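# Fold and geometry: a report
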Amino acid sequence: MASSGGSAAVPDAAAAAAPESWAPTACPYCGEPGTGRFCSACGKPMALQSTSRAELREVLGVKLPPVAAILYTAWLAVSSPACLSRRWVEGDRRGLVSPVAMISSVTALTALIGFILSRWTGNRPAGVDDTETAKGVLGVAGFLVGLFPDAFAAAAADPAAFAQHFKSTGQLLVLFWPVLFIIPGFVMLAPWTRVPRHRALVMAAFETVFVMLLAGLHGALQAVESVRGLGLSTLFWLALWAHSAAHVRFGAETSWRYALSRPPLAALIFLPVVYIWVTGVAALALTSWSLTG
Ligand SMILES: [Zn+2]
């Protein structure tokens, strides 16, 4: 009885077999013979897709981490960052998403929420007016006048247009914004060998996830008229200070004194980093302006 049941199972399997993928005997990328899901020589996936649906799913889905892992990592980044960075450094990454993927997810999500909120409420976040922005940028990047005399003069003549162009140039580089926070976080920890460099980088990157969440929340609240001017910025800076200090205290097992001194130091290091960023974006904006204008 059991044997006849077994033989009946074979045609079923054959009928179900419209395989979505197949495995070649040699790596499609480097030619190294082998089996398994990934090539043991170059690490690329061995399986080749054989239906358009599977191909599309691979194109769209291969880089996306599971939503549950993103949410779990975000929760840890907020509630126990020291545990999160320690687990990452020590290699216990089950259910976790890398800091880089987290930063991208948070940036995309908060940008989307901010966009929807500002459309919905009709309030644009209260910003500095364009003329002031242009004056400020051209003021700090004054040394660029020798490099781009014509564009500089044009920008000074039409500051509002230049401010718009400067902002959209900065927006193009949105993926690099987190580096502005990671660098100060890393520099405040690493040169004093109390925190090993690798750990310092992981901590700075996960703390940046929290910064991006906080900045996103702050930006979203700016679109809500009734909470403007409640001293939110001060509150957010204090929250960031306490959060980063606790991260350093428990993530690197330092004293509270050391831990509390790090965030203000990072804020100081943030200033020259932003200065370099602003002048870099200004140079790029002036270059592209002189090319088009
Ligand atoms: Zn290979």
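The preceding data block contains the structure.
Keep in mind that this is a model prediction, so the values were computed, not measured.

Before going further, it helps to spend a moment on the overall build of the protein chain. Scanning the protein chain from N- to C-terminus turns up 12 helices and 2 strands. From first element to last, N terminus to C terminus, the protein chain shows the α and β order α-β-β-α-α-α-α-α-α-α-α-α-α-α. Scored against the burial criterion, the 293 residues of the protein chain give a buried share of 33%. Within the protein chain, residue pairs in contact and separated by at least 24 positions form 66% of the contacts whose partners lie at least 6 positions apart.

Turning our attention to the pattern of salt bridges. Counted according to the given criterion, the structure contains 6 salt bridges. Where Arg94 meets Asp92, a salt bridge forms, and the shortest distance between an N and an O atom there is 3.1 Å. Using a relative accessible area of 26% as the deciding quantity, one classes Asp92 as partly exposed. Measuring nitrogen to oxygen at the nearest pair gives 4.0 Å for the salt bridge that ties Lys135 to Glu132. With Lys135 and Glu132 both in helix H6 (residues 130-140) and 3 residues apart, this pair spans about one turn of that helix. Judged by relative accessible area, Lys135 falls into the exposed class, the value being 54%. Several salt bridges share partner residues, and in doing so they unite Arg87, Asp92 and Arg94 into one network.

Under the definition given, this model contains 4 aromatic pairs. Between Phe162 and Phe166, the ring centres sit 6.3 Å apart and the planes meet at 35 degrees, which makes this aromatic pair tilted. Here the residue Phe162 and the residue Phe166 both occupy positions in helix H8 (residues 159-172), the gap between them amounting to 4 residues, near one helical turn. We classify Phe166 as buried; its relative accessible area is 13%. Where Phe181 meets Phe270, the ring centres are 5.5 Å apart and the plane angle is 15 degrees; that geometry is what we call stacked. Here Phe181, found in helix H9 (residues 177-189), pairs with Phe270, found in helix H12 (residues 256-292); they are 89 residues apart in sequence, far enough to count as distant. The residue whose ring lies beneath Lys44 is Tyr29, and the NZ or CZ to ring-centre distance is 5.0 Å. The positively charged end of Arg93 is found above the aromatic ring belonging to Trp88, 4.0 Å away from the centroid.

Our next topic: a nonpolar patch on the surface. Nonpolar side chains collect at one region of the surface, where Leu175, Phe176, Val179, Ile183 and Val187 lie side by side and expose about 440 Å² of accessible area between them. Secondary-structure assignment places Val187 in helix H9.

Donor atoms from the polypeptide that bind the zinc ion are Cys27 (SG), Cys30 (SG), Cys39 (SG) and Cys42 (SG), placed at 2.3 to 2.4 Å. Bound by 4 donor atoms, the zinc ion shows angles of 104 to 117 degrees at the metal and therefore tetrahedral coordination geometry. Between the donor residues of the zinc ion, the gaps in sequence give the motif C-x2-C-x8-C-x2-C. Overall, Cys39 belongs to the buried group, its relative accessible area being 7%.

Before going further, it helps to examine the packing of helix H4 (residues 81-90) against helix H10 (residues 197-222). Two numbers describe how H4 lies on H10: the axes approach to 9 Å, and their chain directions differ by 135 degrees. Classed by the angle they form, the pair H4 and H10 counts as oblique. The crossing of H4 and H10 is right-handed. Taken together, the residues of H10 that come into contact with H4 (itself represented by Pro81, Leu84, Ser85, Arg86, Trp88, Val89 and Glu90) are His198, Arg199, Val202, Met203, Phe206 and Glu207. Grouping the constituent residues of the contact of H4 with H10 by class yields 7 nonpolar, 2 polar and 4 charged.

Here we take up the packing of H4 against helix H11 (residues 232-251). Two numbers describe how H4 lies on H11: the axes approach to 8 Å, and their chain directions differ by 45 degrees. Here H4 lies oblique to H11, going by the angle between them. Where H4 crosses over H11, the two elements pack in a sense that is right-handed. Within the contact between the two elements, H4 uses Pro81, Ala82, Ser85 and Arg86 and H11 uses His243, His247, Phe250 and Gly251.

Turning to unusual backbone geometry, a few remarks are in order. The phi dihedral of Glu253 is positive, around 50 degrees, even though this residue is not glycine. Tracing the backbone through its elements, the reader meets Glu253 in the loop between H11 and H12. Classification of Glu253 by relative accessible area gives exposed; the value is 60%.

With respect to the helices and strands, Thr169 occurs in helix H8. Judged by relative accessible area, which is 5%, Thr169 ranks as buried. Setting aside residues no more than four positions away along its own chain, Thr169 makes contact with Val281, Leu284 and Ala285.

Criteria and thresholds
- Residues numbered from 1 in each chain as written.
- Predicted model: local features only at pLDDT ≥ 70, side-chain atom pairs only at ≥ 80, totals over all residues.
- Heavy atoms only, no water.
- Helix = DSSP H or I, 4+ residues; strand = E, 2+ residues; numbered from the N terminus.
- Buried < 20%, exposed > 50% of the residue type's maximum accessible area, 1.4 Å probe, protein only.
- Contact = heavy atoms within 4.5 Å.
- Salt bridge = Lys/Arg side-chain N within 4 Å of Asp/Glu carboxyl O.
- Phe/Tyr/Trp six-rings, centres within 6.5 Å; stacked < 30°, edge-to-face > 60°.
- Lys NZ or Arg CZ within 6 Å of the ring centre and 35° of its normal.
- Patch = residues over 30% accessible without salt bridge, like charges linked within 9 Å, V, L, I, M, F, W, Y side chains within 5 Å.
- Areas by Shrake-Rupley, 256 points an atom, 1.4 Å probe, with all protein chains shown as cover.
- Donors = N, O, S within 2.8 Å, 3.2 Å for Na, K, Ca; no water.
- Tetrahedral: all angles 85-135°; square planar, octahedral: opposite > 155°, others 65-115°.
- Axes fitted to C-alpha atoms, helices over the stretch in contact; angles between N-to-C directions.
- Parallel < 35°, antiparallel > 145°, perpendicular 65-115°, else oblique.
- Left-handed = near helix turned anticlockwise from the far one by under 90°.
- Nonpolar A, V, L, I, M, F, W, Y, C, P; charged D, E, K, R; others polar.

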